[in-house]
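In case you want the letters, here they are:
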Number of protein chains: 2
Amino acid sequence: MSTLDEDQTLLPPRDLALMVDLYELAMAQAYWKTDMGERATFSLFFRNMPDHRNIVLACGQQNFCRLITSLCFTSEQLKKLESFGMFEQKFLDWLADFRFSGDIWALPEGTPVFPQEPLLEVQAPVAEAQILESLAMNYVHLETVIASKALRLVQVSGGKPVVDFGMRRMHGIDAAYRGVRAYRIAGISGTSNVQAGKDFALSVQGTMAHSFVQAHDDEMDAFKTYARLYPDTILLVDTYDTVAAVKKIIAWLKANPDISIGAIRLDSGDMAELATECRRLFDEAEYTKIKVLASSGLDEHSIQELVRNNVPIDGFGVGTAIGSAKDSPNVELAYKLTEYAGKPRMKNSPGKQSWPAAKQVFRQSDSDGNYTGDILAARDESQQGEALLVQTLRDGELVDGAIRPLADICEYSQSAVAKLPPELRAIDRDADYPVTISDHLKAIQKKTLEAIKGTD
Amino acid sequence: MSTLDEDQTLLPPRDLALMVDLYELAMAQAYWKTDMGERATFSLFFRNMPDHRNIVLACGQQNFCRLITSLCFTSEQLKKLESFGMFEQKFLDWLADFRFSGDIWALPEGTPVFPQEPLLEVQAPVAEAQILESLAMNYVHLETVIASKALRLVQVSGGKPVVDFGMRRMHGIDAAYRGVRAYRIAGISGTSNVQAGKDFALSVQGTMAHSFVQAHDDEMDAFKTYARLYPDTILLVDTYDTVAAVKKIIAWLKANPDISIGAIRLDSGDMAELATECRRLFDEAEYTKIKVLASSGLDEHSIQELVRNNVPIDGFGVGTAIGSAKDSPNVELAYKLTEYAGKPRMKNSPGKQSWPAAKQVFRQSDSDGNYTGDILAARDESQQGEALLVQTLRDGELVDGAIRPLADICEYSQSAVAKLPPELRAIDRDADYPVTISDHLKAIQKKTLEAIKGTD
């Protein structure tokens, strides 16, 4: 491979089987070589809430499940593996035939999820389940991180629309694309991203950039062109002097009663002061329907402040803050073995103990249908409450009904969030949701721990 | 489009022309409609250093340039645009014929870049240049953010290898893939990511997961299988009890002198204490060549501490900290019009003033070749120092020599970083690199500002 060839790769491959950490393939070969072919359960979960989050929305599981139904190693990829010199030809033949044959249980997408609760569980011959590790984590991580951040913006907006302007701040093309799916699940109202908005049926919105104003010798020429071309458009008024621009717009509208604009957008300066003044000017001129929109470095804290102070802003455009989930860009997902060959397994490293066995999450409700807490239990237990994990793959095939329309996912997620204790919806203080461990699961852990100690 | 169809989209398209913010197309149509076809210059830069960064490495420009040489709108994408009802058929025909016909000037990839300095400049008929905005920002942002963070890890590692374990924490597949290219430019020694490591010629490395140990009834069985299958492998020793595991490994090695292992990996507990104890045990047993590697939540601060205290650790695996550039996941890139129809342009919004005109960055060196500061100037000025921006596209075609082998980029970047003032390489305090504005550029700004005020 020449150096130039290596550098030809502008986008990731669409065949994702080698988007894998090397150790997964090394372990898979070791299992294959030593005939360790028993079924394993791996659980995808996080140990602690991410910083600044009271709610994590589990997203991405459905597309991950769909993705792995067609996951396979191409001949080009197998050649890459051969070049490592560490894989036997017969193991590469095994990979050439690889199709995931196992089961997956997953939380419905959009489910609020809390520490120790599985977002999904993979049950398959151990080598197969191991190979999915990094892809499962990477794939679910993106949408979960983005949806969990976007939810905070939605929660403080007082019902006013929050629109995604984040493509430019997101980490690459996949994030900018699938992130929009996550935004929709969280309740974001629109996006500037044409392709993703169309594909995920989220309203695509746009105004103008400063460059459009600057390219015209007179700011008003830019506004006039736009207003004539796009009825009810949004004009960006802060390129030179916000209040002066609004006054000129009003004068022009008065002189041209056939023209109608939808809104102005403020993108710099003191938002509260400027929005109040622009609103006053429009109202005075009897343009009460022209909206005032705000952008420029907004996050959930500044939006909460504006909404609490009843600043007359009708909608918010947010870029940097949601695009990378800036204040907490990771959920520390772990993909851990919890069962092998019918025996529960666990890790006993300091601070990283895990709960063994295949699991189920039972969500409790009060008589009004509001959630009061979860029970983390072994999968085969009976407990009160709604069993959240549902089977999505059986013997490598999607289970009927496992793939839900995005509109249903959004509706479910937004209704589930509304049933959570209200203190979880605060953005500026930590609040915990009660997750209790079932006695049976505790007993399994105790027994598993004794078995580990017995081998020392 | 049925809801299910909308949800079929597991990966972003490979045709990226609609990875665009709607306003870019709206503005493009407005330019087209009003016959504003003059050439514009747009500059991609940031106004302020990102938090916790003294150095930003400009990366991603080369692949962006290559990408847009083939950028075009597919008929499927044009149908999506038609559905908006805001684009005229003749404009859609113009898009159908769209090929970027302009020029691009860019910093060589891996160049340390500072506030106000262009990472790249696009010069083209204004509609064409406008359409590239979001793609340019998204594309360059990812690699620039990741390389700038990774550089910090390399700087504190005292020459010891730092290996990327971050795929699981990165934002989607594109980030996990192209991020590895950025890691290599910054000087990261290896990656766990098979596909990206192979494609970008970065050493692919891997050990074992806790699951492999847990799947075996006896930890030593897992170690024995691995050591026999993979000569000089790395054993993960913290699943149950680190020191006990190392003692058992030593006893087994003593009894099996034909076996050789390369290293152990510590992934939990007190790294300094455990590494010191494991090193002592190996040295006492005369296994001085067995290395001690560390992972588990490491970042540049913990690595700096371990290195400064001479803790006997031979290499570091880092995941979360570099995968999302956790402490500063954004560079606030702006793509601003600086010239249209031969006239300099600028924005005058509070706190967001920009420097007009097409530019050049002149980097000054002392007699030892170390960098002493930059002059930001108009492109047509003569100034002392090395002119950093080079033309990479002319009339839509790549300029000969514009695409450099990745190995050359890495070498250039690492040598450029070494020439910076040493205080910039500190990770725990801010230090500024001197960037001065040329008198000529100041004069252009003054004149442009007067022209703006004249229109009020």
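Definitions and limits used
Residues numbered from 1 in each chain as written. Chains lettered and ligands numbered in written order. Predicted model: local features only at pLDDT ≥ 70, side-chain atom pairs only at ≥ 80, totals over all residues. Helix = DSSP H or I, 4+ residues; strand = E, 2+ residues; numbered from the N terminus. Buried ≥ 20, exposed ≤ 12 C-beta atoms within 10 Å, placed from the backbone. Contact = placed C-beta atoms within 7 Å. Pairing = 2+ DSSP bridges. Axes fitted to C-alpha atoms, helices over the stretch in contact; angles between N-to-C directions. Core = buried A, V, L, I, M, F, W, Y, C linked by C-beta atoms within 7 Å. Parallel < 35°, antiparallel > 145°, perpendicular 65-115°, else oblique. Least-squares fit on C-alpha atoms with pLDDT ≥ 70 in both. pLDDT = per-residue confidence, 0-100. Left-handed = near helix turned anticlockwise from the far one by under 90°. Nonpolar A, V, L, I, M, F, W, Y, C, P; charged D, E, K, R; others polar. Right-handed = clockwise from strand over helix to strand, strands pointing away. Domains from an automatic or database assignment. Arc of directions from axis to C-beta.

Looking at the overall build of chain A
Then, in step 1: Regarding its fold elements, chain A presents 17 helices and 19 strands.
Then, in step 2: Projected onto the principal axes, the alpha-carbon positions of chain A cover approximately 85 × 65 × 40 Å.
Then, in step 3: In chain A, which comprises 456 residues, the share counted as buried stands at 54%.
Then, in step 4: Within chain A, counting contacts between residues at least 6 apart in sequence, those at least 24 apart form 72% of the total.

A closer look at the sheet that holds strand β16 (residues 386-387) of chain A
Residues and elements named next belong to chain A.
Then, in step 1: What the four strands build is an open sheet, ordered β16-β14-β15-β19; its pairing is mixed. Looking at the sheet topology across the chains shown, the edges are occupied by β16 and β19 (435-437).
Then, in step 2: As paired strands, strand β15 (residues 371-378) and β19 are joined by three bridges and run parallel to one another. Bridging from a neighbouring strand, Ile 375 pairs with Thr 436 of β19.

Describing the sheet that holds strand β8 (residues 234-236) of chain B
Residue and element names in this part refer to chain B.
Then, in step 1: Taken in spatial order, the six strands make up an open sheet running β7-β6-β11-β10-β9-β8, and their pairing is parallel. What marks the edges here is a single partner per strand, and that holds for β7 (190-191) and β8.
Then, in step 2: Note that strand β10 (residues 291-294) and strand β11 (residues 315-318) share two bridges and pair parallel. Opposite Leu 293, over in β11, you have Gly 315 as the bridge partner.
Then, in step 3: Seen against the sheet, helix α13 (residues 271-284) touches β9 (263-266) and β10 and runs at an angle of roughly 165° to β10.

Concerning the nonpolar core
Here is a general trend for soluble globular proteins: nonpolar side chains tend to be buried in one another's company.
Then, in step 1: Of all hydrophobic cores here, the largest spans 285 residues; its most connected members are A:Ala150 and B:Ala150.
Then, in step 2: Not counting residues within four places of it along the chain, the set of residues in contact with A:Ala150 comprises A:Ala182, A:Tyr183, A:Ala186, A:Ile188 and A:Ile322.

Quick word on unusual backbone geometry
Then, in step 1: With a phi angle near 55°, A:Asn310 is a residue other than glycine that sits in the positive phi range.
Then, in step 2: According to the C-beta neighbour criterion, A:Asn310 is exposed, with 10 such atoms within 10 Å.
Then, in step 3: Non-glycine residue B:Ala201 carries a positive phi angle of around 55°.
Then, in step 4: Tracing the backbone through its elements, the reader meets B:Ala201 in the loop between α9 (194-199) and α10 (210-215).

Considering the packing of helix α8 (residues 172-186) of chain A against helix α16 (residues 406-418) of chain A
Angle between the axes and distance between the axes: these two values describe a pair of packed helices.
All names here are of chain A.
Then, in step 1: One can describe the packing of α8 onto α16 by two numbers: an axis separation of 7 Å at closest approach and a directional angle of 45°. Of the possible angle classes, the one that applies to α8 and α16 is oblique. Across the interface between the two elements, Arg 181, Arg 184 and Ile 185 from α8 touch Leu 406, Ile 409, Cys 410 and Ser 413 from α16.

Quick look at the relation of the copies chain B and chain A
Then, in step 1: Superposition record for chain B on chain A: RMSD 0.0 Å, screw rotation 180°, translation along axis 0.0 Å. Look at the turn and shift together and you get a two-fold axis relating the two.
Then, in step 2: Of the interface residues in chain B, 100% have counterparts in chain A that sit at the interface too, so the contact is made through matching surfaces.

Some remarks on the confidence of the model for chain A
Then, in step 1: Taken over all residues, the pLDDT of chain A has a mean of 95, while the share at 70 or more is 97%.
Then, in step 2: Counting interchain partners and residues more than four positions distant, the pLDDT-below-50 stretch residues 1-7 of chain A has 11 contacts.

So, the packing of helix α11 (residues 219-229) of chain A against helix α12 (residues 242-255) of chain A
Residues and elements named next belong to chain A.
Then, in step 1: Taken N-terminus to C-terminus, the directions of α11 and α12 make an angle of 50°; their axes are 11 Å apart at the nearest point. In terms of their interaxial angle, α11 and α12 are classed as oblique. Relative to α12, the crossing made by α11 is right-handed. In contact with Glu 219, Met 220, Phe 223 and Lys 224 of α11, α12 contributes Ala 245, Lys 248, Ile 249 and Trp 252.
Then, in step 2: Partitioned by chemical class, the residues of the contact of α11 with α12 number five nonpolar, no polar and three charged.

Topic: the environment of A:Gln62
Residue and element names in this part refer to chain A.
Then, in step 1: Positionally, Gln 62 belongs in helix α3 (residues 61-69).
Then, in step 2: The sequence separation of Gln 62 and Ala 402 amounts to 340 residues, and the corresponding C-alpha distance is 7.6 Å.
Then, in step 3: Residues contacting Gln 62, with those up to four places away along its chain left out, are Glu 109, Ile 403 and Arg 404.

A closer look at the pairing of strand β10 (residues 291-294) of chain A
Residue and element names in this part refer to chain A.
Then, in step 1: Burial of β10 is two-sided: the residues Lys 291 and Leu 293 facing one way and the residues Val 292 and Ala 294 facing the other way are all buried.
Then, in step 2: Both strand β9 (residues 263-266) and β10 contribute to a ladder of four bridges, which runs parallel. Opposite Arg 265, over in β10, you have Leu 293 as the bridge partner.
Then, in step 3: On the question of chirality, the crossover connecting β9 to the parallel β10 by way of helix α13 (residues 271-284) is right-handed.

Observations concerning the domain arrangement of chain A
Residue and element names in this part refer to chain A.
Then, in step 1: Splitting chain A by domain gives domain 1 (12-145 + 329-455) and domain 2 (148-323).
Then, in step 2: For domain 1 and domain 2, the distance between their C-alpha centroids amounts to 39 Å.
Then, in step 3: With 19 residues of domain 1 at the contact, the number on the domain 2 side is 19 residues.
Then, in step 4: If you list the elements that add at least two residues to the side of domain 1 that touches domain 2, you get β2 (56-58), α7 (133-156) and α16.
Then, in step 5: With six residues, α16 is the single largest residue contributor to the side of domain 1 that touches domain 2.
Then, in step 6: Its residues assigned to classes, the side of domain 1 that touches domain 2 shows 11 nonpolar, four polar and four charged.

Notes on the pairing of strand β14 (residues 359-365) of chain B
All names here are of chain B.
Then, in step 1: Burial within β14 is extensive, with five of its seven residues counted as buried.
Then, in step 2: Two elements, β14 and strand β15 (residues 371-378), share seven bridges in a ladder whose sense is antiparallel. Paired with Arg 363 across the bridge in β15 is Asp 374.
Then, in step 3: In sequence, β14 turns back onto β15 through a hairpin of five residues, with Gly 369 there showing a positive phi of about 90°.

Quick look at helix α14 (residues 300-308) of chain A
Residues and elements named next belong to chain A.
Then, in step 1: Among all positions in α14, only Glu 300, Ile 303 and Leu 306 are buried. What you see down the axis of α14 is that its buried residues fit within an arc of 125°, all on one side.
Then, in step 2: Next to the buried residues of α14 lie α7, α13 and β11 (315-318).
Then, in step 3: Backbone geometry just downstream of α14 places Asn 310 in the positive-phi region, at approximately 55°.

Things to note about the environment of B:Cys278
Residues and elements named next belong to chain B.
Then, in step 1: Following the sequence through the fold, Cys 278 ends up in helix α13.
Then, in step 2: Residue classification places Cys 278 among the buried residues on the basis of 24 C-beta atoms within 10 Å.
Then, in step 3: Sequence spacing of Cys 278 and Val 292 is 14 residues, and the spatial spacing of their C-alpha atoms is 7.6 Å.
Then, in step 4: Residue contacts for Cys 278: discarding those within four places in its chain leaves Val 246, Ile 264 and Val 292.

Observations concerning the environment of B:Val56
Then, in step 1: Within the secondary structure, B:Val56 sits in strand β2 (residues 56-58).
Then, in step 2: When neighbours within four sequence positions are excluded, B:Val56 is seen to be in contact with B:Met49, B:Pro50, B:Pro112, B:Val113, B:Thr144, B:Ser148 and B:Val331.

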